[in-house]
Amino acid sequence: MPELPEVEVVRRGLTEHVVGRRIVDVAVLHPRAVRRQAGGADEFTARVRGRVVTAVERRGKFLWLMLDSDEAVVCHLGMSGQMLVRSDGQVPTHLRIAFDLLDGQTLQFVDQRTFGGLFVTEIEDGVPLEVLHIARDPLDPRFDDAEFLARLRRKEVGIKRALLDQTLISGVGNIYADEALWRTSLHYARNSRALRRAEVETLLANVRAVMTEALAQGGTSFDALYVNVNGQSGYFSRSLDAYGREGQPCRRCGTAVVREPFMNRSSFRCPQCQRKPRVSR
DNA sequence: AAGGTCTCCTGAGGGC
DNA sequence: TGCCCTCAGGAGACCT
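Rules of the game
Residues numbered from 1 in each chain as written. Chains lettered and ligands numbered in written order. Predicted model: local features only at pLDDT ≥ 70, side-chain atom pairs only at ≥ 80, totals over all residues. Heavy atoms only, no water. Helix = DSSP H or I, 4+ residues; strand = E, 2+ residues; numbered from the N terminus. Buried < 20%, exposed > 50% of the residue type's maximum accessible area, 1.4 Å probe, protein only. Salt bridge = Lys/Arg side-chain N within 4 Å of Asp/Glu carboxyl O. Pairing = 2+ DSSP bridges. Axes fitted to C-alpha atoms, helices over the stretch in contact; angles between N-to-C directions. Contact = heavy atoms within 4.5 Å. Near = heavy atom within 4 Å. Polar contact = N/O pair within 3.5 Å; in protein donor to acceptor, adjacent residues only side chain to side chain. Nonpolar A, V, L, I, M, F, W, Y, C, P; charged D, E, K, R; others polar.

### A short note on unusual backbone geometry
Piece 1. Of note in this structure, Asp125 is not a glycine but carries a positive phi near 55°.
Piece 2. Within the secondary structure layout, Asp125 lies in the loop between strand E8 (117–124) and strand E9 (127–128).
Piece 3. Its relative accessible area of 74% is what places Asp125 among the exposed residues.

Shown next as structure tokens:
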């Protein structure tokens, strides 16, 4: 479950269901799920077993469980990861890691494609070591708009690439990048250096607005891969204006939305409202 | 240094 | 029914 709103839905669910609970045992069922753990599954298990979860935090698409050892279990959901809390004893097909909680519930990391994963690490300044290089996300009150603008001007990069660069601004993925660009009437290839301050401010306001609206609706789910900790889907997909709307009329001007290859995936835009820049300045 | 391309995986859906 | 193709909410490693 990838972008910020979907990860935040999971964070809130975990806060409700696992904070204060003790992890009595943990089983790693697929080694790829802990490939970022030095020492592998044995090390992961040793550092997690017996610990109490004290908080669940997030930066961008990274999520972590704080432990009473002052270490953190960091989680990235990748393309298809889920964190599920259940008490019905069911074992999903792609279960990769299972945490047995003292209260009888099971916390499951389920991941069809195994692009996601978990690892235990140390905390520095409140953030796991491996998350330190990730920028604050736009819903973080300490996100610095002026610094973001300054960094955009220090480079010459297409604006969508910049939105997807987790070291510049975190939490934005392919869906919300396309939605925010549509709302701002910007083409994805607009040069970051040439954007006016007001355009960047409007873009940031739209990133925040679309993510806040999506969060209120439980995130974007196209299928059962993207669900909250109870297995329920969000319903923001019905509110999308650009993403996935190839051939359908732009909700602003009626022109058919186009899909174009971009960074080995797809970008959706209105060819009328989001004109291709003539030159990259 | 920016921007292509490929890779890691599994599964769904379309065309024939 | 099967087979082959393309595609998917991420992201790091190469190459030019």
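### Points about the pattern of salt bridges
Piece 1. Considering all chains together, one arrives at 20 salt bridges under this definition.
Piece 2. As a salt-bridge pair, Asp68 and Arg51 come within 2.6 Å of each other at their nearest N and O atoms. Here Arg51 lies in the loop between helix H2 (40–48) and strand E2 (53–59) and Asp68 lies in the loop between strand E3 (62–67) and strand E4 (71–76), a separation of 17 residues in the sequence.
Piece 3. Residue class for Asp68 comes out partly exposed when judged on its relative accessible area of 32%.
Piece 4. Across the salt bridge formed by Arg208 and Asp145, the nearest N and O atoms sit 2.8 Å from each other. Separated by 63 residues along the polypeptide, Arg208 in helix H6 (residues 197–216) and Asp145 in helix H3 (residues 145–153) bring together distant segments of the chain.
Piece 5. Put simply, Glu8, Arg11, Arg12, Arg58 and Asp137 are held in one network by salt bridges that share partners.

### Comments concerning the sheet that holds strand E7 (residues 106–111)
Piece 1. The strand order E1-E6-E7-E5 describes an open sheet built from 4 strands, whose pairing is antiparallel. A strand with exactly one partner marks an edge of an open sheet, and here the two such strands are strand E1 (23–28) and strand E5 (81–86). Taking the axes of each pair of neighbouring strands and ignoring which way they run, one obtains an average angle of 15° across the sheet.
Piece 2. Where strand E6 (residues 95–101) meets E7, 5 bridges bridge the pair, whose relative direction is antiparallel. Looking at the pairing, Ile97 lines up with Phe109 of E7.
Piece 3. Against the sheet, helix H1 (residues 4–18) makes contact with E5, E6 and E7, and its axis sits at roughly 25° relative to E5, the strand it touches most.
Piece 4. Across the face of the sheet, H2 comes into contact with E1 and E6 while running at roughly 170° to E1.

### Section: the protein's contact with DNA strand C
Piece 1. Taken together, 21 residues form the shell around DNA strand C, and within it Pro2, His76, Tyr226, Tyr243 and Arg265 come nearest.
Piece 2. Sugar and phosphate atoms form 51% of the subset of DNA strand C atoms that lie within 4 Å of the protein.
Piece 3. With respect to DNA strand C, the side chain of Ser266 contributes an N or O atom lying 2.8 Å from a phosphate oxygen.
Piece 4. Of all the secondary structure elements, the ones that give two or more residues to the surface near DNA strand C are helix H5 (174–184) and strand E11 (265–269).
Piece 5. Per-class residue counts for the surface near DNA strand C are 7 nonpolar, 8 polar and 6 charged.

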